[in-house]
Every structure is written in structure tokens, then in C-alpha cells.
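So you can see what is in the structure, the chains are spelled out below.
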Amino acid sequence: GALWNLAGNDDNKVKIARAGALEPLVQLLRTGDVEGKTQAAGALTSLAMNTENKVSIAQAGALEPLVQLLGTGDTAGKTKAAGALNNLAANVNNQILIARIGGLEALVQFLRTGDAAGKTQAAGALINLARNDD
């Protein structure tokens, strides 16, 4: 909750990442309860709107648990994971990594089964991934 709210401010996005929040957020994505995973994915969605953070979030190991959340989370968690992947997929290196870890398949599956907001986020991520020629 609180980090997610702070991450809505552009100046705070980089400050939060530089303060060391990414690793605990990734850990929460991996081991948290349903609500914790949803909150972590929401915070990462906001933080990933910053270009510098797109790289830092991937380096912190967030891509794999975000893809996993697409398959195992509740509707809100899946939607937040798709939103984070949508933002992260705007980075060329992240596009390759997301594809390598099964992100394309997970996003397509969520595009079939998600709610309207989730489908929109999944489609956005797929658009960003389709921009990569590799």
C-alpha cells in the first residue's frame, strides 16, 4: 500500500528504487500471501513507469515472479502483474527476458481468461513485446 502510493509520484519512483525497495518487493512477490503479491506487483507497476527503474526491476529478479503471478494469482494480482509486465516490456532487454521465461504464453493465456482491465494490460504488454524483432 504505502510504497504503491508513494510510487505514484514521479520524483519518488527513482528514490524508492535507490532506497533499496526493489529486492523486498521481489521477495514479497515470491513468498507473500495473495494480498502481498498484489501490492508488490502494483508498486512495481508504478515504479516501472520510470525508464531507469525498468532495468533495475528486471535486475532485481522481478520478471519471473511476475510471470508466475499471471498464472497463480487472484484476478487483482494477475492484473497488476500484467500491468507491471506491460510497463517493463517497453525496455528492449526486458522484452527478450520476458519472452525467454514464458511471459508470452502467460500473457496470451491471461488475455483469454482475465477480466477487462487485465486483458487490457496483457494486450499492452504483448504490443510492447511485439516491437522486438528478436
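Keep in mind that what you see is a predicted model, and the values were worked out from it rather than measured. Counting restarts for each chain: residues are numbered from 1 in the order of the written sequence. Per-residue local features of the predicted model are confined to residues with pLDDT of at least 70, and side-chain atom pairs are confined, for both listing and counting, to 80 or more; whole-chain, interface and lining totals are unaffected and use all residues. The side-chain figures draw on all heavy atoms in the structure; neither hydrogens nor water molecules are used.

(A) Structural context of the overall build of the protein chain. Counting its secondary structure elements, the protein chain contains 10 helices and 0 strands. We take the radius of gyration over the C-alpha atoms and set the globule estimate at 2.2 Å times the residue count to the 0.38 power. Taken over the C-alpha trace, the protein chain has a radius of gyration of 13 Å; the compact-globule value for 134 residues is 14 Å, and the two agree within 12%. Dimensions of the protein chain, computed from the C-alpha atoms along their principal axes, are close to 35 × 30 × 25 Å. Counting across all 134 residues of the protein chain, residues that qualify as buried make up 49%. Note on contacts: a residue pair qualifies if any of its non-hydrogen atoms lie within 4.5 Å across the two residues. Taking the intrachain contacts of the protein chain between residues at least 6 apart in sequence as the baseline, contacts between residues at least 24 apart amount to 63%. Split by element, the accessible area of the protein chain, about 6,600 Å² in all, is 51% carbon and sulfur. Each helix corresponds to a stretch of at least 4 residues labelled H or I by DSSP, and each strand to a stretch of at least 2 residues labelled E; elements are numbered beginning at the N terminus. Summary of the burial criterion: residues with accessible area below 20% of their type's maximum are buried, those above 50% are exposed, and those between are partly exposed, where the area comes from a 1.4 Å probe applied to protein chains only. All accessible-area figures derive from a Shrake-Rupley calculation using a 1.4 Å probe, and residue coverage is judged against the displayed protein chains alone.

(B) Region of the structure containing the packing of helix α3 (residues 22-31) against helix α6 (residues 63-72). Between α3 and α6, the shortest axis-to-axis distance is 9 Å and the interhelical angle comes to 35°. Judged by the twist between their axes, the crossing of α3 over α6 is left-handed. Only P65, L66 and L69 of α6 make contact with α3, whose side of the interface consists of V26, L29 and R30. Polar here means any residue outside two lists: the nonpolar Ala, Val, Leu, Ile, Met, Phe, Trp, Tyr, Cys and Pro, and the charged Asp, Glu, Lys and Arg; Gly therefore counts as polar. Of the residues assigned to the contact of α3 with α6, the class counts are 5 nonpolar, no polar and 1 charged. Angles shown run from 0 to 180 degrees and are taken between the N-to-C directions of axes, each axis being a line fitted to C-alpha atoms and, for helices, limited to the stretch in contact. The crossing is said to be left-handed when, going from far helix to near helix, the turn is anticlockwise and less than a right angle, and right-handed when the turn is clockwise.

(C) Structural detail: the environment of N94. Mapped onto the fold, N94 is located in helix α8 (residues 92-100). For the pair N94 and A58, spaced 36 residues apart in the sequence, the C-alpha separation amounts to 6.9 Å. Filtering out sequence-adjacent residues up to four positions away, N94 remains in contact with K54, A58, L63 and L88. Within the local environment of N94, its side chain forms a polar contact with the backbone oxygen of K54, the two atoms lying 3.1 Å apart. Residues adjacent in sequence count toward polar contacts only when both atoms are side-chain atoms; beyond that, a polar contact is any pair of N or O atoms within 3.5 Å, and within protein one must be able to donate a hydrogen and the other to accept it. Looking at N94, its side chain comes within polar contact range of the main-chain oxygen of L88, at 3.1 Å.

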